[in-house]
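Residue-level structural notes
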Amino acid sequence: MKVAYVQMEPVFLDPEVNYSKAEELIREVADQGAKLVVLPELFDTGYNFRSREEVAEVAGQIPDGPTTEFLVELAKELEVFIVAGTAEKDEKGNLYNSAVVVGPVGWGYIGKYRKVHLFNREKLFFRPGNLGFHVFNIGIAKVGVMICFDWFFPESARTLALKGADIIAHPSNLVMPYAPRAMPIRALENRVYTITANRIGEEFGLRFIGKSTIASPKAEVLAMGSEDKEEVGVVEIDLSLARDKRINEMNDIFKDRRPQYYTL
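Calculation rules
- Residues numbered from 1 in each chain as written.
- Predicted model: local features only at pLDDT ≥ 70, side-chain atom pairs only at ≥ 80, totals over all residues.
- Heavy atoms only, no water.
- Helix = DSSP H or I, 4+ residues; strand = E, 2+ residues; numbered from the N terminus.
- Contact = heavy atoms within 4.5 Å.
- Salt bridge = Lys/Arg side-chain N within 4 Å of Asp/Glu carboxyl O.
- Buried < 20%, exposed > 50% of the residue type's maximum accessible area, 1.4 Å probe, protein only.
- 1 Å grid on protein atoms, 1.4 Å probe; cavity = no way out; pocket = protein on both sides within 12 Å on 5 of 7 lines; lining within 4 Å.
- Points joined across faces, edges and corners; volume = space filled by probe spheres on them.
- Nonpolar A, V, L, I, M, F, W, Y, C, P; charged D, E, K, R; others polar.
- Pairing = 2+ DSSP bridges.
- Axes fitted to C-alpha atoms, helices over the stretch in contact; angles between N-to-C directions.
- Phe/Tyr/Trp six-rings, centres within 6.5 Å; stacked < 30°, edge-to-face > 60°.
- Lys NZ or Arg CZ within 6 Å of the ring centre and 35° of its normal.
- Expected span 1.5 Å × (residues − 1).

Here we take up the environment of valine 235. For valine 235, the location among the structural elements is in strand E14 (residues 231–236). Residues valine 235 and valine 29 lie 206 residues apart in sequence; the distance between their C-alpha atoms is 9.9 Å. Those residues in contact with valine 235 that sit more than four places away from it in its chain are Met1, Lys2, Val3, Ile214, Leu222 and Ala223.

So this is what it looks like as structure tokens:
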């Protein structure tokens, strides 16, 4: 199957403009045959909020808010699955840094993930995710979801891999330089594909590094974006490679685990 990242520069607090940007890029990867598309963290709102009120102004409910509805309609039209980061407001007014998973006709809204590991000033606005790490079976593949800073904790990717993920979708707004080097290692140590969709640009002095990355279960960088351009990356992947956890005749990375020795 073909998978893709969308690397874009969201306009701060302007969801309608960001929908248009995302739609143009998603159409581009759909034209190239991609069946799974990953968008950045908070693709619809921008990231560097200055107050909780700003977040509340643009956050929407999932699945009944405008962002999920936009993604569902686009996924149906283009016959693709989409994973995208968005600000969520629940029925009690709590705010979460979330991601939604949607699909074509017959799928629609599939599920959501709330970011477990909040980074820096996100803690001023969002509640930590409370849904745990989940793998979504989209028929052609099993897709685990984590968001940006979750990568810094190896337990995030390992949990998703142990739950059966073939692919880890990783919407991001990366500002530190490490993830493009680290994500191929997360892919290797879990024998999965990883798709990091990062953003570009600058907001109130915070610069985003771009370099969206697709990595293979062999730690190969299959695609990497630039540091400063809105663009897409489309790659053909072999899911059988992610489903084979053997690295030689004697070693299987999951069967060889000895969790009784991993406790403190």
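This part covers the pattern of salt bridges. Under the criterion given, the structure shown has 15 salt bridges. The partner of glutamate 23 in a salt bridge is arginine 27, with the nearest N and O atoms 2.9 Å apart. Of this pair, glutamate 23 and arginine 27 are both found in helix H1 (residues 15–31), 4 residues apart, which corresponds to roughly one turn of the helix. The partly exposed category is assigned to glutamate 23, whose relative accessible area is 26%. Taking relative accessible area as the criterion, arginine 27 reaches 28% and is therefore assigned partly exposed. Each of Glu23, Arg27 and Glu77 takes part in one network of salt bridges that share partners.

As a further point, take empty space enclosed by the protein. For the coordinates displayed, the defined rule picks out 1 cavity of 30 Å³ or more. Its volume calculated, the largest cavity comes out at about 70 Å³. Looking at the largest cavity, the residues that line it are Phe119, Cys148, Phe149, Trp151, Asn173, Leu174, Val175 and Met176. In terms of residue class, the lining of the largest cavity is built from 7 nonpolar, 1 polar and no charged.

Strand order in this open sheet of 6 strands is E6-E7-E8-E9-E12-E13, and the pairing throughout is mixed. The sheet is open, and its two edges are formed by strand E6 (135–137) and strand E13 (221–224), each paired on a single side. Sheet twist, expressed as the average angle between the axes of neighbouring strands with direction ignored, equals 15°.

For the rest of this paragraph, the subject is the packing of aromatic side chains. Taken as a whole and judged by the stated rule, the model has 14 aromatic pairs. Through pairs of rings, three or more aromatic residues link up here, namely Phe12, Phe49, Phe125, Phe126 and Phe204. The ring of tyrosine 96 carries the charged tip of arginine 114 above its face, separated from the ring centre by 3.9 Å.

On to helix H5 (residues 179–190), then. Look at H5: 16 Å from first C-alpha to last across 12 residues, which is about the 16 Å you get at 1.5 Å a residue. Among the residues of H5, those classed as buried are Ala179, Pro180, Ala182, Met183, Pro184, Arg186, Ala187 and Asn190. Turning to H5, the residues buried within the fold contact helix H4 (154–162), strand E8 (167–171), strand E9 (193–197), strand E12 (213–215) and E13. Backbone geometry just after H5 places arginine 191 at a positive phi near 55°.

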